[in-house]
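Observations on the three-dimensional arrangement
Given next are the chains, with one letter for each unit.
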Amino acid sequence: MIAIRPMTFDDYDAVLALMRGAPGVAVRAADSPAAIQRYLTRNPGLSFVAESDDRLIGCIFGGHDGRRGSLLHLAVAADFQRQGVGRRLVERALAGLAAEGILKSHIDVFADNRGAIAFWQRLGWVKRDDICRFSFNNSSDPNV
Ligand SMILES: CC(C)(COP(=O)(O)OP(=O)(O)OC[C@H]1O[C@@H](n2cnc3c(N)ncnc32)[C@H](O)[C@@H]1OP(=O)(O)O)[C@@H](O)C(=O)NCCC(=O)NCCS
């Protein structure tokens, strides 16, 4: 049986291992233990993990800025994909956001991640062609 539950900081090592093994998920300095602890504290109850027996096989981070929601780092272990786990994780995060009054959310997807693009479109998410994402690195570390 696959169970979904809120992520805690104790899940950090297993979540990072899952993310590192997932093509299409970028792990940066911004995913350090201190940064993830801060993220979970600022966005309580909006990030989730999926477990099968005692193995962590899925994760998603959810948060908001008071206005729009953002999801990140969705990953499902390869041997558990196409069983509805990704959909369940997204549904839990969106339900948590909706409970806080956040009704529209965004996700960044690498443009060459065709599987993820198909997944998000299957779930009804709309690919934006009217917006360009700009980023600014306020440091000398390209991996910040
Ligand atoms: C993208 C990912 C999270 C999907 O997780 P998943 O558990 O396999 O997805 P689900 O089983 O919940 O699929 C939900 C729907 O999307 C469809 N779907 C999932 N992956 C798909 C793919 N690669 N191509 C086409 N459709 C896909 C499923 O068929 C399903 O449709 P259905 O409900 O009509 O049957 C998973 O493939 C993954 O971890 N990929 C590597 C990391 C990654 O790219 N993460 C996304 C970063 S934005």
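Overview of the structure. None of the values given here were measured: they were computed from a predicted structure.

What follows is about the sheet that holds strand S3 (residues 55–64). Reading across the sheet, the 5 strands line up as S1-S2-S3-S4-S5 and stay open at both edges, with mixed pairing between neighbours. Both edges of this open sheet fall to strand S1 (2–6) and strand S5 (105–107), since each of them pairs with a single strand only. Taken pair by pair, the neighbouring strands of this sheet meet at an average axis angle of 25°, ignoring direction. Sheet topology places strand S2 (residues 48–52) next to S3; 5 bridges connect them, and they run antiparallel. Its bridge partner being in S3, valine 49 is matched across the sheet by cysteine 59. Contacts between helix H1 (residues 12–20) and the sheet are confined to S2, S3 and strand S4 (69–76), with S3 contributing the most and set at about 95° to the helix.

The next subject is the packing of aromatic side chains. To describe a pair of aromatic rings, you give the distance between the ring centres and the angle between the ring planes. If you walk through the whole model with that rule in mind, you get 4 aromatic pairs. Seen from their ring centres, phenylalanine 9 and tyrosine 12 are 5.7 Å apart, and the 40° between their planes marks the pair as tilted. Tyrosine 12 sits in the buried class, given a relative accessible area of 12%. By way of ring pairs, the aromatic residues Phe119, Trp120 and Trp125 are connected into one cluster.

Okay, the pattern of salt bridges next. One pass over the full model with this rule turns up 6 salt bridges. Between glutamate 51 and arginine 5 there is a salt bridge, with the nearest N and O atoms lying 3.1 Å from each other. A residue pair is termed long-range when its members are at least 10 positions apart, and glutamate 51 in strand S2 and arginine 5 in strand S1 qualify at 46 residues. When its relative accessible area of 25% is taken as the criterion, arginine 5 is described as partly exposed. Beyond isolated ion pairs, a larger network of salt bridges with shared partners links Arg5, Asp11 and Glu51.

So, on to the site of the ligand. The environment of the ligand is formed by 23 residues, the closest being Val76, Arg82, Gly86, Arg87 and Arg122. Between the ligand and glutamine 83 there is a distance of 3.2 Å, counted from an oxygen atom to a backbone nitrogen or oxygen. Protein chains shield 80% of the accessible area of the ligand, which is 920 Å² for the free molecule. Per-element tally for the shell around the ligand: the top contributor is helix H4 (residues 114–122), with 6 residues. Here the residues of the shell around the ligand sort into 13 nonpolar, 6 polar and 4 charged.

Another aspect to go through is the environment of threonine 8. Along the polypeptide, threonine 8 turns up in the loop between S1 and H1. Residue classification places threonine 8 among the partly exposed residues on the basis of a relative accessible area of 37%. It is 13 Å that separates the C-alpha atoms of threonine 8 and glutamate 51, two residues lying 43 residues apart in sequence.

Each value, and the rule that gives it
- Residues numbered from 1 in each chain as written.
- Predicted model: local features only at pLDDT ≥ 70, side-chain atom pairs only at ≥ 80, totals over all residues.
- Heavy atoms only, no water.
- Pairing = 2+ DSSP bridges.
- Helix = DSSP H or I, 4+ residues; strand = E, 2+ residues; numbered from the N terminus.
- Axes fitted to C-alpha atoms, helices over the stretch in contact; angles between N-to-C directions.
- Contact = heavy atoms within 4.5 Å.
- Phe/Tyr/Trp six-rings, centres within 6.5 Å; stacked < 30°, edge-to-face > 60°.
- Buried < 20%, exposed > 50% of the residue type's maximum accessible area, 1.4 Å probe, protein only.
- Salt bridge = Lys/Arg side-chain N within 4 Å of Asp/Glu carboxyl O.
- Near = heavy atom within 4 Å.
- Polar contact = N/O pair within 3.5 Å; in protein donor to acceptor, adjacent residues only side chain to side chain.
- Areas by Shrake-Rupley, 256 points an atom, 1.4 Å probe, with all protein chains shown as cover.
- Nonpolar A, V, L, I, M, F, W, Y, C, P; charged D, E, K, R; others polar.

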